[in-house]
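Structural characterization, general
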Amino acid sequence: MAITLISFAFFFGIALSRVGLPPMVGFLLAGFAYNFMGFEAPDSLQAVADLGVTLLLFTIGLKLKIKDLATAEVWGTSVIHLICSTAFFTFTILAGQLLFDLSVLNLTPFAAIVIAFGLSFSSTVYAVKVLEDKGDMGALYGKIAIGILVMQDIFAVLFLAVGEGKYPSLWALAVFLLFLPPVRKLMFKLIDYAGHGELLVVSGLFFALGAGYEFFYSVDLKGDLGALILGVLISNHPKSKSLAKSLFSFKELMLVGFFLSVGMQGLPNWTIFATAMALVALLPIKTLLYFYIATWFGLRARTSLFNAIALGNYSEFGLIVAALGVSQGFLDVDWLLIFAIAVSLSFAAAAPFSKYSEQTYQRYKNRLHRFQKSTLHPKDKILDTGQAKILIIGMGRVGAGAYKVLADERPGEVLGIELNEDRAEQLRSEGLFVEVADATDTDFWNQVHLSKPVEEMILLAMPNHMSNIFAAERINASGLDCKVFAVAKHETEVKELSKMGVPSFNLYSEAGESFGREALGTLAQKP
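How each quantity is defined
Residues numbered from 1 in each chain as written. Predicted model: local features only at pLDDT ≥ 70, side-chain atom pairs only at ≥ 80, totals over all residues. Heavy atoms only, no water. Helix = DSSP H or I, 4+ residues; strand = E, 2+ residues; numbered from the N terminus. Rg over C-alpha atoms; globule rule 2.2 N^0.38 Å. Buried < 20%, exposed > 50% of the residue type's maximum accessible area, 1.4 Å probe, protein only. Contact = heavy atoms within 4.5 Å. Lys, Arg positive; Asp, Glu negative; His and termini not counted. Charge placed at Lys NZ, Arg CZ, Asp CG, Glu CD. Axes fitted to C-alpha atoms, helices over the stretch in contact; angles between N-to-C directions. Left-handed = near helix turned anticlockwise from the far one by under 90°. Nonpolar A, V, L, I, M, F, W, Y, C, P; charged D, E, K, R; others polar. Phe/Tyr/Trp six-rings, centres within 6.5 Å; stacked < 30°, edge-to-face > 60°. Salt bridge = Lys/Arg side-chain N within 4 Å of Asp/Glu carboxyl O. Polar contact = N/O pair within 3.5 Å; in protein donor to acceptor, adjacent residues only side chain to side chain. Expected span 1.5 Å × (residues − 1). Bend = angle between axes of the 7 residues up to and from the residue.

In this section: the overall build of the protein. Each helix and strand counted, the protein has 25 helices and six strands in total. For a compact globule of 527 residues, the expected C-alpha radius of gyration is about 24 Å, and the protein comes in at 25 Å, within 12% of that figure. By its C-alpha atoms, the protein is 85 × 55 × 45 Å across when sized along the principal axes. For the protein, buried positions account for 51% of its 527 residues. Excluding contacts between residues fewer than 6 apart, the proportion of contacts in the protein whose partners are at least 24 apart in sequence is 75%. In the protein, the 41 positive side-chain charges and the 45 negative ones have mean positions that sit 5 Å from each other.

For the pair helix H5 (residues 72-99) and helix H14 (residues 283-296), interaxial distance at closest approach is 10 Å and the crossing angle is 150°. For the pair H5 and H14, the sense of crossing is right-handed. Residues Thr 77, Ile 80, His 81, Cys 84, Ser 85, Phe 88 and Phe 89 of H5 lie in contact with H14, whose contacting residues are Ile 285, Lys 286, Leu 289, Tyr 290 and Ile 293. Within the contact of H5 with H14, the residues separate by chemical class into eight nonpolar, three polar and one charged.

A separate point is the packing of aromatic side chains. For the structure shown, the criterion picks out 19 aromatic pairs. Consider the rings of Trp 296 and Phe 297, whose centres lie 5.1 Å apart with planes at 85°: the pair is edge-to-face. Under the relative-accessibility criterion, Trp 296 is labelled exposed at 55%. Residue classification places Phe 297 among the buried residues on the basis of a relative accessible area of 18%. Taken together, the ring pairs in this structure connect Phe 8, Phe 12 and Tyr 34 into an aromatic cluster.

Attention now goes to the pattern of salt bridges. In this structure the tally under the stated criterion is 13 salt bridges. Here Lys 379 makes a salt bridge to Glu 421, at a shortest N to O gap of 3.9 Å. In this pair, Lys 379 is assigned in the loop between helix H19 (365-368) and strand S1 (390-393) and Glu 421 in helix H21 (residues 421-429), connecting sequence segments 42 residues apart. A relative accessible area of 29% places Glu 421 in the partly exposed class. Linking Glu 456 and Arg 410 is a salt bridge whose minimum nitrogen-to-oxygen distance equals 2.8 Å. Taken together, the positions of Glu 456 in strand S4 (residues 454-460) and Arg 410 in the loop between helix H20 (397-409) and strand S2 (414-418) put the pair 46 residues apart, joining distant regions of the chain. The exposure class assigned to Arg 410 is partly exposed, which follows from its relative accessible area of 27%. Linked through salt bridges whose partners overlap, the residues forming this network are Arg 300, Arg 302, Glu 358, Lys 365, Asp 380, Asp 441, Asp 443, Glu 473 and Arg 474.

The N-cap residue of H21 is Asn 420: its side-chain oxygen and the backbone nitrogen of Asp 422 are 2.9 Å apart. Following H21 by one or two positions, Gly 431 has its phi on the positive side, about 95°.

What sets the pattern is the α-helix's 3.6 residues per turn: residues three or four places apart point alike. Helix length check: helix H10 (residues 198-218) (21 residues) gives 28 Å between terminal C-alpha atoms against 30 Å at 1.5 Å per residue, within 8%. Remark: the principal bend of H10, roughly 30°, maps to Phe 206. Those residues of H10 that fall on the buried side of the exposure criterion are Leu 200, Ser 203, Gly 204, Phe 207, Ala 208, Ala 211, Gly 212 and Phe 216. With its phi angle positive at about 65°, Asp 220 sits one or two positions after the end of H10.

Printed below as a string of structure tokens:
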């Protein structure tokens, strides 16, 4: 059965990716198709799915900074949206009871509020997958979206504790030991000892599953929250990025199990399917609510829209809420299927908007700007590149190396653009001229075009290939008259950039050739 399930996942994933949708939508459909064919899910599937979610939260923590949660646009949007969204869905459900004589709507006001609360959440798994695929985890809207999702996870922990009547034990106070310097120092030492090979992967699994999930679960706290917190504690370690990369493929594989399991919750009747479809039809209101609240905090229309699109879906937390309601006796079991279908369809419905978010923004730009405040959030103002004539986008090792060479030849004319604020601050302390901006932002490139119609050269040195592609598209769309040069890692990436008229430097092949030339030079110097 496992081989059959993997085959379903592979062919549905291929089919959906060929029509421009994320493979995750194909995995959802594979789960439904597998269930429809009458096959039974492997016993280990749910364990694999849970493992994938736990690793996802751990890797989120590795990239998360506490200060990102302590901003008004994060916690303010989280609280306001939770209240408004829950009120809206409660009103809608109660109105549905008056309009339709359906057994699934035979709910008490308390049950309606609990369902509405579950519908107010957004999917952490879906949003992070989309942000990772687009290379936008470090973008402002990506950071805000992740922060909101973490806040929602905290709300979920509180709800489940009250709903299940399962409160943290006195031993939960031991969690605070993790924040003590000696304990953190011990964790850091263990990661140092793990090196960079397979032990590093195992160390990630230990901290996520053992020190994180199982430790928190043993003291009656949500295990997934433990994985998230352990990730945050380790995020300041120099190897945190390497740790996240080492777990990437493992996490991606486990998450396939999650999407398959969501699609296997059961086979609906027409009433259940129609109810789920009605909930999906309400998603635009939930999405627009995110947009309005974000603009109220001074974020630009583009940032607010992208944030809203990333969060415009239903969460797997709804399944947990429904299961709790069924176990407590105030929800019919049909609501488990309704939530499962609504979550699955919300992913499928949101996927095209996530892919074409920039096109959506450009199409409705004038209308969206009506809601934008005149005084923008300090972190969301559009950067003016000043007198710089050469822009280097992405100041990692490659970008920083290129900066030093070009700055020596053209002092005062080179500007580095970096998405990560901490990285930008570090490079400034080393004497480099670096500013923070999102190179995939059309408004940024339009500002560059308006302030300086002629640039000499733009180097795209971001580590994520799709980010370089998006930036190249934005440069072309803005009408900038300059030379664009990009880095690539594979021949397919070179070809993609070439089709856009962008010459590229293949890091792997060029590094090998340079290495060979250096070796020949060494031989020539041999006495």
